[in-house]
Amino acid sequence: MNEDTGKLILRLTLGILILLHGISKLMNGIDGIGGMLTASGLPEFFKYGVYVGEIVAPLLVIVGFHTRIGAWLIAVNMLFAIGLAHWHEVLAITPNGVLAIEKQYMFMFTAIALALIGSGRFALNRK
């Protein structure tokens, strides 16, 4: 029971926090992401993948429907975010002595952990 409750808390935390980023992109657009993609030599239409990684995937994680797939999608989304927008900060330490992109790392590694452990009992399915 405690393990399943922990998995639920993990799913809700990751899913809600990532979903808020997706909602922001729905409201403010994703043209900047298109520019980063083309500057990196990738097709601009890949920018629509952010909706998969920050809207669809978090919803899957929140409700516990194919949680592992949703979590892997979030992890890949975070790899793209780090690679496109934060590559110069990968090992950067702030003046306060913390990693500059600790939030991005936390999202990515939490998603990987959730993909490995699964959704738990309190989910629509246990995949």
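This is a predicted model, so every value here is computed, not measured.

A.B. asks: Tell me about the overall build of the chain, and name the residues and values.
C.D. replies: Within the chain, the regular secondary structure consists of 5 helices and 0 strands. Start at the N end of the chain and walk to the C end: the helices and strands fall as α-α-α-α-α. Relative to the globule expectation of 14 Å for 127 residues, the C-alpha radius of gyration of the chain, 15 Å, shows essentially globular dimensions. In terms of its C-alpha atoms, the chain occupies a principal-axis envelope of roughly 45 × 35 × 25 Å. Each of the 127 residues in the chain was classed as buried or not, and the buried ones make up 37%. Across the chain, every contact between residues at least 6 apart in sequence was considered, and the portion connecting residues at least 24 apart equals 65%. If you sum the accessible surface of the chain, you get close to 7,300 Å²; carbon and sulfur atoms cover 70% of it. Here the chain holds 9 positive side-chain charges and 7 negative ones, and the gap between their average locations is 12 Å.

A.B. asks: Explain the nonpolar core to me, using residue names and the numbers behind them.
C.D. replies: Formed by 16 residues in total, the largest nonpolar core has its most connected members in Leu14, Ile18, Ile74 and Met78. Elements represented by at least two residues in this core include exactly α1 (2-28), α3 (49-63), α4 (67-85) and α5 (102-117). Among the elements that line this core, the one with the most residues is α5, at 6 residues.

A.B. asks: Can you lay out the packing of aromatic side chains for me, pointing to particular residues and giving the numbers?
C.D. replies: In this structure the tally under the stated criterion is 3 aromatic pairs. On the numbers, 5.0 Å between centres and 90 degrees between planes, the contact of Phe45 with Phe46 is edge-to-face. Residue Phe45 is classed as exposed on the basis of its relative accessible area of 58%.

A.B. asks: Kindly report on the pattern of salt bridges, identifying the contributing residues and their values.
C.D. replies: Under the criterion given, the structure shown has 4 salt bridges. Of the charged contacts in the structure, one is a salt bridge between Lys7 and Glu3, with a shortest N-O distance of 3.3 Å. In this pair, Lys7 and Glu3 are both assigned in helix α1, 4 residues apart and thus about one turn of the helix distant. Close ionic contact of Lys47 with Asp31 constitutes a salt bridge, the shortest N to O distance being 3.3 Å. Here the residue Lys47 occupies a position in the loop between α2 (31-39) and α3, and Asp31 occupies one in helix α2, the gap between them amounting to 16 residues. For Lys47, a relative accessible area of 8% corresponds to the buried category. Put simply, Asp31, Glu44 and Lys47 are held in one network by salt bridges that share partners.

Calculation rules
Residues numbered from 1 in each chain as written. Predicted model: local features only at pLDDT ≥ 70, side-chain atom pairs only at ≥ 80, totals over all residues. Heavy atoms only, no water. Helix = DSSP H or I, 4+ residues; strand = E, 2+ residues; numbered from the N terminus. Rg over C-alpha atoms; globule rule 2.2 N^0.38 Å. Buried < 20%, exposed > 50% of the residue type's maximum accessible area, 1.4 Å probe, protein only. Contact = heavy atoms within 4.5 Å. Areas by Shrake-Rupley, 256 points an atom, 1.4 Å probe, with all protein chains shown as cover. Lys, Arg positive; Asp, Glu negative; His and termini not counted. Charge placed at Lys NZ, Arg CZ, Asp CG, Glu CD. Core = buried A, V, L, I, M, F, W, Y, C linked by side-chain atoms within 4.5 Å. Phe/Tyr/Trp six-rings, centres within 6.5 Å; stacked < 30°, edge-to-face > 60°. Salt bridge = Lys/Arg side-chain N within 4 Å of Asp/Glu carboxyl O.

Everything listed here is a matter of coordinates, which is why it stays silent on function.
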